[in-house]
Amino acid sequence: MLIGDQITLRPVRAEEVGPLYVSSLDLENRGLWYPLPTTPLGKLEADFADSGFWTAGDGLFAIADRSDRLLGIVGWEQLNGDVADVEVSYRLFDQADHGKGIVTEALGLLVGWLFDTGHMNRLRASIHVDNKASRRVAEKSGFTCEGTSRAGWYNRGRWHDIAVYTITRAEFEAHRLAAATPA
Ligand SMILES: CC(C)(COP(=O)(O)OP(=O)(O)OC[C@H]1O[C@@H](n2cnc3c(N)ncnc32)[C@H](O)[C@@H]1OP(=O)(O)O)[C@@H](O)C(=O)NCCC(=O)NCCS
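Residues numbered from 1 in each chain as written. Predicted model: local features only at pLDDT ≥ 70, side-chain atom pairs only at ≥ 80, totals over all residues. Heavy atoms only, no water.

**Considering helix α1 (residues 17–24)**
Looking only at α1, the buried set comprises V17, L20, S23 and S24. All buried residues of α1 project into a common sector of 125 degrees when viewed along the axis, lining one side. (Buried < 20%, exposed > 50% of the residue type's maximum accessible area, 1.4 Å probe, protein only. Helix = DSSP H or I, 4+ residues; strand = E, 2+ residues; numbered from the N terminus. Arc of directions from axis to C-beta.)

What follows is the structure, encoded as structure tokens:
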């Protein structure tokens, strides 16, 4: 379990797989930015039974508040065996929880944990170019926009451009040092 100021990251529980699936169908909450869901409930349940959403190549943390209410998810996935990039992703379930710094804190915990425990040298976040809140989360967490992946996502009847954000291990260490240094 990773403990922050207002949230903790912990494994997803069996009884949360159903609500997680239902929330993934909430198009309004997904916003214009998240591609439509592709994983059926049966596959999610099978994956959870198999691994608890935790393998050597990917993982999913539940974001929970101080009273252990499930707020959202933050995850990571190894992209390619030769290029050791890891993709991170995140989503809150309820719009009432947006704008409170929850995902910035969750991403900070995830990034620190990945670099402290893993051998990867770069993390990546693929963000719809118009998703200003998510771009801001990435920037606050020390990520840099490397460029645009053109027409990379299909959603709501058309292809969308993706802003590709990355952070290297060296950049993360500098970001952590700056955050810990009094102004
Ligand atoms: C995008 C999302 C992850 C952000 O999470 P969050 O917990 O609300 O983010 P935070 O509160 O940590 O930070 C949001 C930042 O974006 C800013 N922001 C929010 N809406 C914005 C907008 N329309 N334009 C510019 N900045 C905006 C906030 O002001 C804040 O920055 P600040 O701290 O400098 O003021 C969340 O809204 C969400 O889950 N959305 C639906 C799914 C999604 O889009 N996931 C990401 C896919 S890449």
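Okay, back to it.
**A few points about the environment of W159**
The residue W159 is located in strand β8 (residues 158–168) in this model. In this structure, W159 is in contact with A151, G152, W153 and Y154, ignoring residues within four places of it in sequence. (Contact = heavy atoms within 4.5 Å.)

**Observations concerning the pairing of strand β2 (residues 8–11)**
Across two bridges, strand β1 (residues 2–3) lies against β2 in antiparallel orientation. Within β2, the residue paired with I3 across the bridge is T8. Counted between consecutive antiparallel strands, the loop separating β1 from β2 contains four residues. Of the pairings in the sheet, the one linking β2 to strand β3 (residues 58–64) comprises four bridges and is antiparallel in character. Note on β3: the bridge partner recorded for P11 is F61. (Pairing = 2+ DSSP bridges.)

**Let's talk about unusual backbone geometry**
A positive phi angle is found at D68, which is not glycine, with a value near 70 degrees. Positionally, D68 belongs in the loop between β3 and β4 (70–78). In this structure D68 comes out as partly exposed when scored by relative accessible area, which is 33%. Within the chain, A151 stands out as a residue other than glycine whose phi angle is a positive 50 degrees. Here A151 lies in strand β7 (residues 144–155). Judged by its relative accessible area of 40%, A151 falls in the partly exposed class.

**Structural notes on the environment of L71**
Note on placement: L71 falls in strand β4. Accessibility expressed as a relative area gives 2% for L71, which makes it buried. Taking C-alpha positions, L71 is 9.6 Å from V103, a pair spaced 32 residues apart along the chain. Not counting the four nearest positions on each side in its chain, L71 is found in contact with I7, I63, A64, D65, L92, F93, D94, D97 and I102.

**A few points about the layout of surface pockets**
Quantified by volume, the second largest pocket comes out at close to 240 Å³. Forming the walls of the second largest pocket are T104, G108, V111, G112, W113, D116, K140, S141, F172, H175, R176 and A179. Those elements that place two or more of their residues in the lining of the second largest pocket are α4 (102–117) and α6 (169–180). A per-element tally of the lining of the second largest pocket places α4 first, with six residues. (1 Å grid on protein atoms, 1.4 Å probe; cavity = no way out; pocket = protein on both sides within 12 Å on 5 of 7 lines; lining within 4 Å. Points joined across faces, edges and corners; volume = space filled by probe spheres on them.)

**What to know about the packing of aromatic side chains**
Across all of its chains, the model carries eight aromatic pairs by this definition. Relative to F61, the ring of W54 lies with its centre 4.9 Å away and its plane at 65 degrees, an arrangement referred to as edge-to-face. On the accessibility criterion, W54 (33% relative accessible area) is partly exposed. Here F61 falls in the buried class, since its relative accessible area comes to 7%. (Phe/Tyr/Trp six-rings, centres within 6.5 Å; stacked < 30°, edge-to-face > 60°.)

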